[in-house]
Amino acid sequence: MYSVFVSYAQPQLDWATQLRKDLSNPAILVYVAEHDLTPGDSLSSEIIRQIRVCDLFILLWSEDAQLSHYVGKEVFLAKSEGKLIVPVLLAKAPSLPRELGDIKYLDIANDPARHREWLHSHVTARAKSKKVSEVLTLGMLCFLAWLSLKGSE
């Protein structure tokens, strides 16, 4: 399964929810804390876990995100974990954080339909690629196990 973590400030929950709807399918799990945390879950522990296991970190960047304590921590963790980060600029967003300055971003306010379609295609292609890689790895492991058994006869 291909896992996507969406980082957003609370006022952009509608954007995060729409992105979750756009990208989710049986091969893609899109994590949006507001929808995926259950009462009693440790917010920080679960978010850390989800960032560590995600294949893609999507940052919904806005003035609110720039001011958010949580978003800053999430970006720092994603960057330190070496995650693929796709920043999505919403409306008149401020400049990206300095640590993301060399990353190409999507300016979704410029052409929302085109950028949402690109993001959908991009994530779907990456999910398919991961699935193929997993199948090939499993096949190779089975073949090696068979060779090992064959050699011990």
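Just above sits the structure.
The present account deals with the structure reproduced in this document.

Thresholds, definitions, all that
Residues numbered from 1 in each chain as written. Predicted model: local features only at pLDDT ≥ 70, side-chain atom pairs only at ≥ 80, totals over all residues. Heavy atoms only, no water. Pairing = 2+ DSSP bridges. Helix = DSSP H or I, 4+ residues; strand = E, 2+ residues; numbered from the N terminus. Contact = heavy atoms within 4.5 Å. Axes fitted to C-alpha atoms, helices over the stretch in contact; angles between N-to-C directions. Core = buried A, V, L, I, M, F, W, Y, C linked by side-chain atoms within 4.5 Å. Buried < 20%, exposed > 50% of the residue type's maximum accessible area, 1.4 Å probe, protein only. Right-handed = clockwise from strand over helix to strand, strands pointing away. Arc of directions from axis to C-beta. Phe/Tyr/Trp six-rings, centres within 6.5 Å; stacked < 30°, edge-to-face > 60°.

Ordered in space as E2-E1-E3-E4-E5, the five strands form an open sheet in which the pairing is parallel. The strands lining the two open edges of the sheet, one partner per strand, are strand E2 (28–31) and strand E5 (106–107). Sheet topology places strand E3 (residues 56–61) next to strand E4 (residues 84–89); six bridges connect them, and they run parallel. By the bridge assignment, Phe 57 is partnered in E4 with Ile 85. On the sheet, helix H1 (residues 13–23) packs against strand E1 (2–7), E2 and E3 and is oriented at approximately 145° with respect to E3.

Counting residues in each nonpolar core, the largest one holds 42 residues, and the members touching the most others are Val 4, Val 6, Phe 57, Ile 58, Leu 60 and Val 88. At the level of elements, E1, H1, E2, helix H3 (43–53), E3, helix H5 (69–80), E4 and helix H6 (112–151) are the ones that each hand at least two residues to this core. Ranked by residue count, the leading element in this core is E3, at six residues. When residues no more than four places from it in sequence are discounted, the contact partners of Phe 57 are Phe 5, Ser 7, Ile 51, Glu 74, Val 75, Ala 78, Lys 83, Leu 84, Ile 85 and Val 86.

For a regular strand, side chains alternate in direction, first toward one face of the sheet and then toward the other. Examined bridge by bridge, E1 and E2 share four bridges and lie parallel to one another. Bridge pairing in E2 places Tyr 2 opposite Ile 28. Read as a crossover between parallel neighbours, the route from E1 over H1 to E2 is right-handed.

Right, let's talk about H3 for a bit. Among all positions of H3, only Glu 46, Ile 47, Gln 50 and Ile 51 are buried. Buried residues of H3, viewed axially, fall in a sector of 135°; they line one side. Against E1, E2, helix H2 (33–36), E3 and H5 lie the buried residues of H3.

Attention now goes to the packing of aromatic side chains. Scanning the entire structure with this criterion turns up two aromatic pairs. Between Phe 5 and Tyr 31, the ring centres sit 5.5 Å apart and the planes meet at 20°, which makes this aromatic pair stacked. Here Phe 5, found in strand E1, pairs with Tyr 31, found in strand E2; they are 26 residues apart in sequence, far enough to count as distant. Residue Phe 5 shares its accessibility class with Tyr 31, and that shared class is buried. With 5.5 Å between their ring centres and 10° between their planes, Phe 5 and Phe 57 make a pair best called stacked. A residue pair is termed long-range when its members are at least 10 positions apart, and Phe 5 in strand E1 and Phe 57 in strand E3 qualify at 52 residues. On the accessibility criterion, Phe 57 (0% relative accessible area) is buried. The rings of Phe 5, Tyr 31 and Phe 57 are connected pair by pair, giving a single aromatic cluster.

What follows covers the pairing of E1. In terms of burial, E1 is largely enclosed, as six of its six residues are buried. The alternating pattern of E1 places Tyr 2, Val 4 and Val 6 on one face and Ser 3, Phe 5 and Ser 7 on the opposite face, and all of these are buried. Relative to E3, E1 is paired through four bridges, and the arrangement is parallel. The residue of E3 that forms the bridge with Val 4 is Leu 56.

Functional significance is not addressed by these values, which are geometric in nature.
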